[in-house]
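Here's the letter readout for the chains.
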Amino acid sequence: LPRYFVGVLDKSSGQMDVYNAEIFNMQPLLSGGRCWESQLLGGSVLLLPALFPWQGARTIPSLVHQRVLHRGVLPRGEFEALLEAVSVEGAAGFVFPWVHRVFQSVFCPVQMDLCIEAFGTSKQKRALSSRRMNAVGSDIVSTAVTKAAANVIDAKGVTALMQDVAQDDVQSISAFLPPCHEDADRPEHVYKFEDLLSPAEYEALQVPAAALASATAEEMAKRAEERSLCSFVLEELKFLPTDERSRDHKARCLWFLDTLIKFSQQKVIKKKHPMGPECPHIISKKLMKNFTSLTYNNGSIQNLISASMKAKITAYVIALALHINNFQTDLTVLQNDMKLSESRILDIAKALRLRVSKAKGVPGLENDQNHKLGTLSLPLPTQKAAPEGQRKRKKMN
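Definitions and cut-offs
Position numbers for residues start from 1 in each chain and track the written sequence from start to end. Local features are withheld for residues below a pLDDT of 70 in this predicted model, meaning they are given only at 70 or higher, and side-chain atom pairs are given and counted only at 80 or more; totals for whole chains, interfaces and linings count all residues. With hydrogens and water set aside, each side-chain value is computed from the structure's full complement of heavy atoms. The helix count covers DSSP runs of H or I at least four residues long, the strand count covers runs of E at least two residues long, and both are numbered beginning at the N terminus. Each residue's exposure class comes from its accessible area (1.4 Å probe, protein chains only) as a fraction of the maximum for that residue type: buried when under 20%, exposed when over 50%, partly exposed otherwise. In this tally, Asp and Glu contribute negative charge and Lys and Arg positive charge; neither His nor the terminal groups of the chain are included. Within this document, salt bridges are pairs made up of a side-chain nitrogen of Lys or Arg and a carboxyl oxygen of Asp or Glu, the two lying within 4 Å of each other. Side-chain atoms alone can form a polar contact between residues adjacent in sequence; in general such a contact is a pair of N or O atoms within 3.5 Å, and within protein one must be able to donate a hydrogen while the other accepts it. Pairing of aromatic rings covers Phe, Tyr and the six-membered ring of Trp, with a centre-to-centre limit of 6.5 Å; geometry is then stacked below 30 degrees between planes, edge-to-face above 60, and tilted otherwise. Our definition puts a charge over a ring when NZ of Lys or CZ of Arg is within 6 Å of the ring centre and also within 35 degrees of the ring normal. Here, a strand pair is defined by DSSP locating no fewer than two bridges between the strands. Per-residue confidence from the predictor is given as pLDDT, running between 0 and 100. Working rule for contacts: check all heavy atoms of both residues, and any pair within 4.5 Å makes them a contact. Only residues whose relative accessible area exceeds 30% and that form no salt bridge enter a patch; like-charged residues are grouped when within 9 Å of one another, and nonpolar side chains (Val, Leu, Ile, Met, Phe, Trp, Tyr) when within 5 Å. Only the protein chains shown count as covering a residue, and every accessible area follows the Shrake-Rupley method with a 1.4 Å probe. Between N-to-C directions, angles span 0 to 180 degrees; the directions come from axes that are lines fitted to C-alpha atoms, helices contributing only their stretch in contact. Oblique is the label for any angle not under 35 degrees, not over 145, and not in the 65 to 115 range, which are roughly parallel, roughly antiparallel and roughly perpendicular in turn. By the definition used in this description, the sense in which the near helix is turned from the far one sets the handedness, with an anticlockwise turn below a right angle giving left-handed and a clockwise turn giving right-handed.

Caption draft 1: Broad picture of unusual backbone geometry. Of the consecutive residues Leu 378 and Pro 379, the connecting peptide bond is found in the cis state with omega at -5°. Following the sequence through the fold, Pro 379 ends up in the segment after β8 (370-375). The phi dihedral of Arg 227 is positive, around 55°, even though this residue is not glycine. Residue position: Arg 227 is located in the loop between α12 (217-226) and α13 (231-237). Under the relative-accessibility criterion, Arg 227 is labelled exposed at 71%. Even without glycine at this site, Phe 327 takes up a positive phi of about 65°.

Caption draft 2: The side chain of Asp 330, seen in detail. Within the fold, Asp 330 resides in strand β6 (residues 328-330). At 9.2 Å, Lys 372 is the nearest oppositely charged side chain to Asp 330, a buried residue that forms no salt bridge. Among the polar contacts made by the side chain of Asp 330, one reaches the main-chain amide nitrogen of Thr 332 at a distance of 3.0 Å.

Caption draft 3: How the structure looks around the packing of aromatic side chains. Counted by the stated rule, this structure contains 2 aromatic pairs. Taking the centre distance of 5.8 Å and the plane angle of 80° together, the rings of Phe 193 and Tyr 202 count as edge-to-face. The exposure class of Phe 193 is buried, given its relative accessible area of 14%. With 5.3 Å between their ring centres and 85° between their planes, Phe 291 and Tyr 316 make a pair best called edge-to-face. Highlighted residues: Phe 291 in the loop between α15 (281-290) and β4 (293-297) and Tyr 316 in helix α16 (residues 307-324), separated in sequence by 25 residues. Over the ring of Tyr 202 we find Arg 252; its NZ or CZ atom is 4.6 Å from the centre of that ring. Positioned above the aromatic ring of Phe 291 is the side chain of Lys 312, whose terminal nitrogen or guanidinium carbon lies 5.6 Å from the ring centre.

Caption draft 4: Just the sheet that holds strand β5 (residues 300-304), in detail. Here 3 strands make up an open sheet; going across it, the order is β3-β5-β4 and the pairing antiparallel. Single-partner strands in this sheet number two, and they are β3 (268-269) and β4. When β4 meets β5, the two strands line up antiparallel, connected through 5 bridges. Opposite Leu 294, over in β5, you have Asn 303 as the bridge partner.

Caption draft 5: Structural view of the pattern of salt bridges. With the rule as written, the count across this model stands at 9 salt bridges. When the shortest N-O distance is used, the salt bridge between Glu 235 and Lys 238 registers 3.3 Å. The class for Lys 238 is exposed, based on a relative accessible area of 60%. Between Lys 250 and Glu 236 there is a salt bridge, with its nearest N and O atoms 3.0 Å apart. Placement of the pair is Lys 250 in helix α14 (residues 244-264) and Glu 236 in helix α13, with a sequence separation of 14 residues.

Caption draft 6: Here's a closer look at the pairing of β8. Counting buried positions along β8 yields 5 of 6 residues, so the element is predominantly enclosed. Pairing between β6 and β8: 3 bridges, direction antiparallel. Bridging across to β8, Gln 328 finds its partner in Thr 375.

Caption draft 7: How the structure looks around the pairing of β5. Of the strand pairs in this sheet, β3 and β5 are connected by 2 bridges, and their pairing is antiparallel. The residue of β5 that forms the bridge with Ile 269 is Asn 303. Once β4 ends, the chain turns through 2 residues before running back antiparallel as β5, passing Asn 298 with a positive phi of about 55°.

Caption draft 8: The arrangement of the confidence of the model for the chain in detail. The predicted model of the chain has a mean per-residue pLDDT of 74, with 65% of residues at 70 or higher. Across the chain, helix α10 (residues 199-204) holds the top mean pLDDT of 95, while helix α2 (residues 59-69) sits lowest at 39. Within the model, the stretch residues 364-368 combines pLDDT values under 50 with 8 contacts to residues more than four positions away or in other chains.

Caption draft 9: Local environment of helix α17 (residues 331-338). Along α17, 7 of the 8 residues are buried, which leaves the element largely enclosed by surrounding structure. Among the residues making up α17, those that are buried are Leu 331, Thr 332, Val 333, Leu 334, Gln 335, Asp 337 and Met 338. A side-chain oxygen of the first residue of α17 lies 3.0 Å from the backbone nitrogen of Thr 332; this N-cap is Asp 330. Lys 339 sits one or two positions beyond α17 and adopts a positive phi of about 55°.

Caption draft 10: Seen up close, helix α18 (residues 342-351). Listing the buried residues of α18 in full gives Ile 345, Leu 346, Ile 348, Ala 349 and Ala 351. Looking at the residues trailing α18, positive phi occurs at Arg 353, about 70°.

Caption draft 11: Molecular detail of a nonpolar patch on the surface. Together, Phe 5, Leu 9, Met 16 and Val 18 make up an exposed nonpolar region whose accessible area comes to about 420 Å². Where the nonpolar patch is concerned, the elements lending two or more residues are β1 (5-10) and β2 (15-20). Within the fold, Phe 5 resides in strand β1. Judged by relative accessible area, which is 46%, Phe 5 ranks as partly exposed.

Caption draft 12: Inspection of the packing of α14 against α15 at higher detail. Running from N to C, α14 and α15 point in directions that differ by 45°, and their axes come no closer than 12 Å. Taken as axis vectors, α14 and α15 run oblique relative to one another. In the crossing of α14 with α15, the sense of the turn from one axis to the other is right-handed. Residues Phe 256, Thr 259, Leu 260 and Phe 263 of α14 form the contact with α15, whose own contacting residues are Ile 283, Lys 286, Leu 287 and Met 288.

See the structure below:
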């Protein structure tokens, strides 16, 4: 066991006298009586082997093991009796590490604050002062909120407030949608292809998409078996146009759509090229810039695909699928590929101003279930905010 000493330096003679030392944790005496829990929580006194022999200390672990570890937390009277039964000489060099665990959950917060105020470290005192400054009574908050709400209602009226809420809903939804041109005269101009893929990005897709455009039936069967492509892309590759230019265009769109879906399955982007070296640099840059949010974690900045970013990716996937399929697409197939709930993808489709209808799904996919079709047609349907009672309603089976 360690021994502790205190050295006293005589500046005039330059000599130091060394004395045996003891380490004590002083306990506060609060108004209204001694804080019994804080006395124990502060830690037992460490009695130094320099002053006390080890005799009898070997009986303490067995006593603690029988009375505390086997029976759990002792009642107050029984624990006091246990401390009185252990002599000071027998406790030499022994520390009670379980005292903190015994009273951590029952210690009085008010008395703890008083202890920190009197004996705490500078860091503890700053934290206590900050907590007290930020503490506001719940009645004060309730009164202030009620008064503010009454003032707003009196000033604007209930009807105007409901209109503001509906407008806020539309703005929050449109935050992650592709640019929508409501005054378009043709469906292909509502969500312009150039807003989904710039000319430079489209040009960069020529090389990776060439493998899809020239894939044989055997290669497609192997890809389907390996599930290296999503179901939507696999199905559309069966119907590639024979015209070389149209075939190349559709292959580029399908490659980028498959990349978006795979990208949405990730959580935190840790690699410089998250989609592999075959992905063009300009596309990797687009994914990181437009479809991730920055977060600070473990001392570093990371790119995170949050729920809102996944919703944004879904909106772009649907818009791209509309261009691929003459502005009508199977939402259920996309839902399964992106691992979304039906209500989630339908909410995004309605935010895109699509008309949703039921249709028979593609044979072999999801047990030939009834699929939801999303159609973009003019004039666009008006957006309506869901009533308050229906906003959080879930489908019951």
